[in-house]
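# Structure at a glance
Spelled out, the chains give:
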Amino acid sequence: MPADDRNPPNAPDAAESADAMIRFDGVVKRFGDHLVLDHLDFTVDRGEKVTLIGPSGSGKTTILRLLMTLEKVTDGVIWVGGRPLSHQLRGDRLVPAKEKYLREVRKNIGMVFQQFNLFPNMTVLQNITEAPIHVLGRSRDEAVEHARSLLDTVGLSDKESAHPTQLSGGQQQRVAIARCLAMSPSVMLLDEVTSALDPELVDGVLSVLRDIAVTTDITMLIVTHEMRFAREVSDRVMMFDDGRIAEEGPPEQIFGDPREERTREFLKAIR
Ligand code: ADP
């Protein structure tokens, strides 16, 4: 059989990809000589909420950055919604993804960062409507209406004309969450979203996220040190160590009865 007629290597079969929203297939990530992700395989189902825990440097943020296409895989394939993300299909073959293809696939993926990353020169409303208008091509009226309903969801209806510098860190992070939701993503990535906040502002942000986790079918991948929150919202917890999954399971098991010594040590250290 000519090479071009083969199925793509490791292509998920149709039955499996029906439930899988994210699939890592033998994913390797190196920075120079440093092996950060070591042949990582996992899937996340549609609508599933998965928390990544593990010591600093174990590769959690790199996984989110790969999904945001802010980094490229060294080897292996990432699939999102049944389509390759790290690569694109040409006929039956997988070839490295081009920028135009990436722009299209990553419309489905939103990320909220530790440092908010709001546009400082725009109002809250402009921050939220910018991408829906310019990336998704929504009309201004439609984008504004959606933004207002999201501001209501995050409890900031009275702040639409404010600039980010006029808001507390917790309020800025809630705007960043609304901005992410405004793109109607299928996948939402949360990277330590409360780490930069003063302690008294953390609960307000977590409570908004808890509501989103419970009321939407968005697939969520969460990196957090807030173990109580992780326990409440996660369907599954994955414990990382040195670029590999050391242990995974439902939160009651990982937090209540961890099997691996590494997990026990990690949980003891952060409590
Ligand atoms: P975690 O989120 O679990 O703390 P990261 O994914 O941020 O871990 O980092 C994993 C490892 O990859 C760390 O050793 C980090 O120093 C390294 N790393 C991350 N990004 C880069 C980069 N852009 N260049 C070089 N090394 C990096």
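This structure is a prediction, so every number in the text was calculated from the model and none was measured. (Residues numbered from 1 in each chain as written. Predicted model: local features only at pLDDT ≥ 70, side-chain atom pairs only at ≥ 80, totals over all residues. Heavy atoms only, no water.)

### Notes on the nonpolar core
Quick note on the threshold: Put simply, a nonpolar core is a bunch of buried Ala, Val, Leu, Ile, Met, Phe, Trp, Tyr and Cys residues held in one set by side-chain atoms that sit within 4.5 Å of each other. Burial here depends on accessible area, computed with a 1.4 Å probe over protein chains only, as a share of the maximum for the residue type. Under 20% is buried, over 50% is exposed, and the range in between is partly exposed. Secondary structure elements follow DSSP: runs of H or I no shorter than four residues count as helices, runs of E no shorter than two count as strands, and numbering proceeds from the N terminus. The contact criterion used is simple: two residues touch if any of their non-hydrogen atoms lie within 4.5 Å.
If you look at the biggest cluster of nonpolar residues, it comprises 37 residues, and the most contacted ones within it are Ile177, Met188 and Leu209. Only helix H4 (124-134), helix H5 (140-153), helix H6 (169-181), strand E9 (187-191), helix H7 (199-215), strand E10 (219-223) and helix H8 (227-233) provide two or more residues apiece to this core. A per-element tally of this core places H7 first, with seven residues. Here Ile177 is in contact with Val112, Val154, Met188, Val205, Val208, Leu209 and Ile212, once residues within four sequence places are set aside. Counting 32 residues, the second largest nonpolar core, distinct from the first, contains Leu37, Ile78, Leu85 and Met238.

### Notes on the site of the ligand
What counts, and what does not: The near set for a molecule or strand comprises every residue that places at least one heavy atom within 4 Å of it. Whenever a nitrogen or oxygen atom comes within 3.5 Å of another N or O atom, the pair is scored as a polar contact, on the condition that within protein one atom can donate a hydrogen and the other can accept it, and that pairs from neighbouring residues in sequence are kept only if both atoms are in side chains. Only the protein chains shown count as covering a residue, and every accessible area follows the Shrake-Rupley method with a 1.4 Å probe. The residue classification treats Ala, Val, Leu, Ile, Met, Phe, Trp, Tyr, Cys and Pro as nonpolar and Asp, Glu, Lys and Arg as charged. All others, Gly included, are polar.
In the neighbourhood of the ligand, the contacting residues comprise Phe31, His34, Val36, Pro55, Ser56, Gly57, Ser58, Gly59, Lys60, Thr61 and Thr62. Contact distances for the ligand include 2.5 Å between an oxygen atom and a side-chain N or O atom of Thr62. Out of a free accessible area of 570 Å², the ligand has 61% covered by protein chains. The biggest single contributor to the shell around the ligand is helix H2 (residues 60-67), with three residues. Along the lines of polarity and charge, the residues of the shell around the ligand split into three nonpolar, seven polar and one charged.

### Some words on the pattern of salt bridges
Note the following rule: Each salt bridge in this description consists of a side-chain nitrogen of Lys or Arg and a carboxyl oxygen of Asp or Glu lying within 4 Å of one another.
Taken as a whole, this structure holds 14 salt bridges when the rule is applied. Residue Arg236 pairs with Glu48 through a salt bridge whose shortest N-O separation is 2.9 Å. Of this pair, Arg236 sits in strand E11 (residues 236-241) while Glu48 sits in the loop between strand E2 (34-45) and strand E3 (49-53), and the two are 188 residues apart along the sequence. In this pair, the class of Arg236 matches that of Glu48, namely buried. A salt bridge links Glu248 to Arg236; the shortest N-O distance between them is 2.6 Å. Remark: Arg236 occurs in strand E11 and Glu248 occurs in strand E12 (residues 244-249); sequence separation between them is 12 residues. Given the relative accessible area of 36%, Glu248 is considered partly exposed. Judged by its relative accessible area of 16%, Arg236 is buried. Each of the salt bridges in this network shares a partner with another, and the network as a whole consists of Lys29, Arg65 and Glu71.

### Here's the deal with the side chain of Asp38
Along the polypeptide, Asp38 turns up in strand E2. Polar side-chain contacts of Asp38 include one of 3.3 Å to the side chain of His39. Within polar-contact distance, the side chain of Asp38 engages the side chain of Arg244 at 2.9 Å. What Asp38 contacts, discounting residues up to four positions off in sequence, is Val27, Gly243 and Arg244.

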